[in-house]
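In case you want the letters, here they are:
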Amino acid sequence: MRLTFEDRAVRERNRPLRALAAGSVGNFIEWYEFGVYGYVATVVAERFFTPAGGSAAEGLVRTYASFGLAFFFRPLGAALFGRLADRFGRRPVLILVVALMTGATALIGVLPTYAQAGAVAPWLLTFLRVVQGLSAGGEFGGAVAMLTEFAPPGRRGLYGAWQSFTVALGLLGGSGVAVALSAMLTAAQFGSWGWRLPFLLALPLGALALWLRIGLDETPEFREPAAGAGRAVRVPVRAIALAVARVMGWSAAGYTFLVVLPSYLQAALHTGFRQALLATVVANLGFAAAILPAGLLSDRVGRRPVMLAGAGLVVLLALPLLHLLRDPGTAAAVKGAALCGAGAVVGLMAGPGPALLAEMFPVRARCTGLGLAYALSNAVFSGCAGLIITEAVRRTGNLDVPGYYAAATCAVSVLALLGSQRLQSG
């Protein structure tokens, strides 16, 4: 059936909105699982990484080691799927990666535990985390390229910020489901089978993502003859290194304040499981509230000034935040406001971050370049954060380790953001 002029005009106006939904929902699934895994880390440690006689601390370290290993497959996924997306298009690659990611997440929900399958159980879990790492590595670059390339003029910051906003929604979704289940189930029920349910919820989310992406067109910029049809461009190593340095503070501070915090509060401050999860929900609410305004602001004043404000505030406030949380004389409302503020500061970096990365690379190197930069940053500074922080606190007894970690990485990002604006044109 031929479309009328009006129908074509409506379809043209709706394309950016569909791209916004299609690009965002896959990222939501990735970070929903990311959050769930972090929030139930103590349960996973007990069920998969703590054989009879093993200590809880050792099991938690092994859990985060598996977590970090999967993160190191993200750069490989970014290079593989990014190269494909830069050569053949964003749409087919995004369909493939969301199918892989959804399947791996759902399978975690049906895995046998160590008590049921012995030593094969942690290896199966680690394998599925590797598959997730590969697919997630391709997800970010393709989705950010799609969002920014479909964005109306002068709205790249806002459209790219939706990728970060779905990080917040995914983390909130994961924490919300964990809080709800912990409230509805007994501790024994949650530890026995309740922890599986959040992973299985990825199936309907994945079906929605596939439906949206199958019906999406290729991006206008990729289809332009000037983009260089049928070829991908080599990405300068120096550009990737600069991009990593610019976003490493975002990765480290975000993971420290938004994901590691529950386990840190339980292990270091002896906070109850539900209270720790609720504290993280508060931090994520602040994070979510700041992202879209920060992206919109970056369309008006530039990406770097907004990101500089966020990274600089982390440098100044990371240690005082931990001291406030440990102070028994501080009111709960004050602690909640501080956590909300900490999340908002991370949001100042996360809002403009995707557009900043996209604008550092030309169209035929964009998925590979920004995907690799983001994946490397997350592999080193997010994926290893739980392991580094948990092990360092356990060995030294210094409860300020998370603050030092977040502040140091953000200090590097400040210097990188103050450097040259870009290393290429296009």
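Look up a bit, the structure's there.
In this report, the structure presented in the accompanying data block is examined. Just so it is clear, the structure is predicted and the values come from calculations on it, not from any experiment.

### Let's talk about the overall build of the chain
Argument step 1. Within the chain, the regular secondary structure consists of 20 helices and zero strands.
Argument step 2. Taken over 426 residues, the chain has a buried fraction of 58%.
Argument step 3. When contacts within the chain are restricted to residue pairs at least 6 apart in sequence, those whose partners lie at least 24 apart make up 86%.

### Observations regarding the side chain of Glu221
Argument step 1. Residue position: Glu221 is located in helix H12 (residues 220–223).
Argument step 2. The class for Glu221 is buried, based on a relative accessible area of 18%.
Argument step 3. In terms of polar contacts, Glu221 uses its side chain to reach the side chain of Arg156, at 2.8 Å.

### Observations regarding the pattern of salt bridges
Argument step 1. Applying the stated criterion across every chain, the model contains twelve salt bridges.
Argument step 2. The residue Arg74 makes a salt bridge to Glu30 at a minimum N-O spacing of 2.8 Å. With Arg74 in helix H4 (residues 74–88) and Glu30 in helix H1 (residues 5–39), the pair connects residues that are 44 residues apart, well separated along the chain. For the pair Arg74 and Glu30, one class covers both residues: buried.
Argument step 3. Arg326 is the salt-bridge partner of Asp400, the closest N and O atoms lying 2.9 Å from each other. Linking Asp400 in the loop between helix H19 (385–396) and helix H20 (401–417) with Arg326 in helix H15 (residues 303–326), this pair joins segments that are 74 residues apart in sequence.
Argument step 4. Look at Arg326 and you get partly exposed, because its relative accessible area is 27%.

### Thoughts on the side chain of Asp86
Argument step 1. Mapped onto the fold, Asp86 is located in helix H4.
Argument step 2. Of the polar contacts made by the side chain of Asp86, one reaches the backbone nitrogen of Cys367; its length is 3.1 Å.

### Thoughts on helix H8 (residues 156–184)
Working note: α-helix, 3.6 residues per turn, so residues spaced by three or four point in the same direction.
Argument step 1. In this model, H8 (29 residues) spans 42 Å end to end at C-alpha, consistent with the 42 Å of a helix rising 1.5 Å per residue.
Argument step 2. For H8, the principal kink sits at Gln163 and spans about 30 degrees.

### Some details on the packing of aromatic side chains
Argument step 1. Applying the stated criterion across every chain yields a total of five aromatic pairs.
Argument step 2. Ring centres of Phe28 and Tyr32 lie 6.2 Å apart, and the angle between their planes is 20 degrees; this geometry places the pair in the stacked category. Of the two residues, Phe28 and Tyr32 are both situated in helix H1; the distance of four residues between them amounts to about one turn of the helix.
Argument step 3. Between Trp250 and Tyr374 the ring centres are 5.6 Å apart and the planes differ by 55 degrees, which places this aromatic pair in the tilted class. Of the two residues, Trp250 sits in helix H13 (residues 237–269) while Tyr374 sits in helix H18 (residues 363–381), which places them 124 residues apart along the sequence. Like Trp250, the residue Tyr374 is buried in the burial classification.
Argument step 4. A connected cluster of aromatic rings, assembled from ring pairs, spans Phe140, Trp250 and Tyr374.
Argument step 5. The lysine or arginine in question, Arg18, covers the ring of Trp211, its NZ or CZ lying 4.9 Å from the ring centre.
Argument step 6. The cationic tip of Arg364 hangs over the ring face of Phe222; the distance from NZ or CZ to the ring centre is 3.8 Å.

### Digging into a nonpolar patch on the surface
Argument step 1. A surface patch of nonpolar side chains, amounting to about 430 Å² of accessible area, comprises Leu107, Val110, Trp193, Leu197 and Leu200.
Argument step 2. Here Val110 shows up in the loop between helix H5 (90–108) and helix H6 (114–117).

### Topic: helix H11 (residues 202–214)
Argument step 1. Under the 1.5 Å per step criterion, the end-to-end length of H11 is 18 Å for 13 residues, consistent within 8% with the ideal 18 Å.
Argument step 2. For H11, the full list of buried residues reads Ala202, Gly206, Ala209, Leu212 and Arg213. Down the axis of H11, the buried side of the element spans an arc of 125 degrees, and every buried residue falls inside it. The exposed residues of H11 that point more than 90 degrees off its buried face are Pro204 and Trp211.

### Some remarks on the environment of Val346
Argument step 1. You can see Val346 is positioned in helix H16 (residues 332–350).
Argument step 2. Residues Val346 and Gly249, 97 residues apart in the sequence, show an inter-C-alpha distance of 8.8 Å.
Argument step 3. In this structure Val346 touches Trp250, Ala253, Gly254, Phe257 and Phe287, once residues within four positions along its chain are discounted.

Rules used in this analysis
Residues numbered from 1 in each chain as written. Predicted model: local features only at pLDDT ≥ 70, side-chain atom pairs only at ≥ 80, totals over all residues. Heavy atoms only, no water. Helix = DSSP H or I, 4+ residues; strand = E, 2+ residues; numbered from the N terminus. Buried < 20%, exposed > 50% of the residue type's maximum accessible area, 1.4 Å probe, protein only. Contact = heavy atoms within 4.5 Å. Polar contact = N/O pair within 3.5 Å; in protein donor to acceptor, adjacent residues only side chain to side chain. Salt bridge = Lys/Arg side-chain N within 4 Å of Asp/Glu carboxyl O. Expected span 1.5 Å × (residues − 1). Bend = angle between axes of the 7 residues up to and from the residue. Phe/Tyr/Trp six-rings, centres within 6.5 Å; stacked < 30°, edge-to-face > 60°. Lys NZ or Arg CZ within 6 Å of the ring centre and 35° of its normal. Patch = residues over 30% accessible without salt bridge, like charges linked within 9 Å, V, L, I, M, F, W, Y side chains within 5 Å. Areas by Shrake-Rupley, 256 points an atom, 1.4 Å probe, with all protein chains shown as cover. Arc of directions from axis to C-beta.

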